[in-house]
Amino acid sequence: MTNAKLQSLMARGTEFLGCETAILCGAMSWVSERHLVSAISNAGGFGVIACGAMTPDLLDKEIAATKALTDKPFGVNLITMHPQLFELIEVCSKYDVGHVVLAGGLPPKGSIEAIKAKGAKLLCFAPALSLAKKLARSGVDALIIEGMEAGGHIGPVATSVLAQEILPEMSPQLPVFVAGGIGRGEAIAGYLEMGAAGVQLGTRFACASESIAHPAFKKAFFRASARDAIASVQIDARLPVIPVRALKNAGTEAFTAKQREVANLLDSGAVDMNEAQLQIEHYWAGALRRAVIDGDVEGGSLMAGQSVGMVSKEEPVAAIIAQLMEEAAFALERRAA
């Protein structure tokens, strides 16, 4: 009966995504690639390729390689500020990618139409109710509300507050997925009961057996507690930088120096604001690669959400999803008693 209840609460999300379990894997650059994405989709969840700073040619190869590993649905996350956004959208269309996630700001003019031209469904991040309404009016198919507990780029508001603010008003209109700080099934059950169509987790999957992340990267996660995942600090008001949450190390201090360098370039007129933001984005992509691929856990960026304290061992994706579903089902059973 309880599993039926859980499936019922997830039905809207699973129907929208075309999978068995309305659990998306957050797009983590260098981590959310073909192996992890296909494993999550094969296990009944919904994998999402993190395009990040990839060129169209690299994305083409990544989608093709993922399709070779799974016949299940998966999505692609694109960054709105990418200078080749429309070429990346064309690559997704070429492979009939069914779901595209746009991150990093409001969709640029024409991007929504380009994504939906071949029938793809579009998910966008909504960090506030006003933006959620604007995105719904503009034609997006679903929303992701991600709280500041998440890893990587974050907004200023907690998941629980966003959920209370946005779910009651927006979930009757379109599917809304909740993300940020989710590490156990009890939280999933709670957000589903509030009206969420499903959830998105990143940190919980980063150290899965199928993740290509370096063993040293995974060990850093296993050792960390929630308080070790800190948000970066903006040092110059003239250079708006989206905060990034990562495990504290020498790399987080290096980012402060990078901001000063980019701010000086901005002041001198050597770069414009868009180029300045791209340089920051490329910094994080490079620092993240050093940590994830090379295992540089001191100088690289260990992007992690505050749920990192609930990641204690390496285990298969299928086991992670099964545990989350079991915990959610048990929570619903307790509440019904």
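Residues numbered from 1 in each chain as written. Predicted model: local features only at pLDDT ≥ 70, side-chain atom pairs only at ≥ 80, totals over all residues. Heavy atoms only, no water.

Which residues make up the nonpolar core, and what values go with them?
Counting 100 residues, the largest nonpolar core has Leu59, Ile63 and Leu78 as its most contacted members. Broken down by element, the residue count for this core peaks at nine residues, all from helix H13 (residues 317–336). Counting 13 residues, the second-largest nonpolar core is a separate cluster that includes Leu17, Val101, Ala142 and Phe177. (Core = buried A, V, L, I, M, F, W, Y, C linked by side-chain atoms within 4.5 Å. Buried < 20%, exposed > 50% of the residue type's maximum accessible area, 1.4 Å probe, protein only. Helix = DSSP H or I, 4+ residues; strand = E, 2+ residues; numbered from the N terminus.)

Can you break down the pattern of salt bridges residue by residue, with the values?
In the structure shown here, the tally under the stated rule is 13 salt bridges. Two residues, Lys61 and Asp57, come together in a salt bridge whose shortest N-O distance is 2.8 Å. Taken together, the residues Lys61 and Asp57, both in helix H3 (residues 56–69) and four residues apart, mark about one turn of the helix. Judged by relative accessible area, which is 45%, Lys61 ranks as partly exposed. Residue classification places Asp57 among the partly exposed residues on the basis of a relative accessible area of 46%. (Salt bridge = Lys/Arg side-chain N within 4 Å of Asp/Glu carboxyl O.)

Tell me about the sheet that holds strand E11 (residues 244–247), and name the residues and values.
Pairing within the open sheet is antiparallel, and its three strands lie in the order E7-E11-E10. Every other strand in the sheet has two partners, leaving strand E7 (152–153) and strand E10 (229–231) as the edge strands with one partner each. Of the strand pairs in this sheet, E10 and E11 are connected by three bridges, and their pairing is antiparallel. Looking at E11, one finds that Ile230 is bridged to Ala246. (Pairing = 2+ DSSP bridges.)

Break down the state of the cysteines for me, with residues and values.
Defined simply, a disulfide is a covalent bond joining two cysteines at their sulfur atoms. Applying the stated criterion across every chain yields a total of zero disulfides. Summary of cysteine pairing: Cys51 is not part of a disulfide, and the nearest cysteine sulfur, belonging to Cys92, is at 7.3 Å. Its relative accessible area of 3% is what places Cys51 among the buried residues. Not part of a disulfide, Cys124 finds its nearest cysteine sulfur in Cys92, a span of 13 Å. (Disulfide = S-S within 2.5 Å.)

Explain the packing of helix H6 (residues 129–138) against helix H7 (residues 159–170) to me, and be specific about the residues and the numbers.
The contact between H6 and H7 brings their axes to 9 Å, and the two run at 30°. Regarding the angle of H6 to H7, the classification is roughly parallel. Viewed along their axes, H6 and H7 form a crossing whose handedness is right-handed. Contacts between H6 and H7 involve Leu129, Ala132, Lys133 and Ala136 on the former and, on the latter, Glu165, Ile166, Glu169 and Met170. For the contact of H6 with H7, a count of residues per class yields five nonpolar, no polar and three charged. (Axes fitted to C-alpha atoms, helices over the stretch in contact; angles between N-to-C directions. Parallel < 35°, antiparallel > 145°, perpendicular 65-115°, else oblique. Left-handed = near helix turned anticlockwise from the far one by under 90°. Contact = heavy atoms within 4.5 Å. Nonpolar A, V, L, I, M, F, W, Y, C, P; charged D, E, K, R; others polar.)

Give a description of the pairing of E11 that names residues and reports values.
Where burial is concerned, the two faces of E11 agree: the one with Val244 and Ala246 and the one with Arg245 and Leu247 are both buried. As judged from the two bridges shared by E7 and E11, these two strands associate in the antiparallel manner. Along E11, the bridge assignment pairs His153 with Val244.

Could you give an account of helix H4 (residues 85–94), naming the residues involved and the relevant values?
Along H4, the residues classified as buried are Leu85, Leu88, Ile89, Val91, Cys92 and Ser93. Close packing links the buried residues of H4 with H3, strand E3 (74–79), strand E4 (99–103) and helix H5 (111–116). Two residues or fewer past H4, Asp96 is found with a positive phi of approximately 55°.

Residue-level account of the sheet that holds E4, with values.
The parallel open sheet is built from eight strands, whose spatial order is E1-E9-E8-E6-E5-E4-E3-E2. Looking at which strands have only one partner, the edges of the open sheet turn out to be strand E1 (23–25) and strand E2 (47–50). In this sheet, neighbouring strand axes are inclined to one another by 25° on average, regardless of whether the strands run parallel or antiparallel. As paired elements, E3 and E4 share five bridges and run parallel to each other. Following the sheet pairing, Gly75 is matched in E4 by His99.

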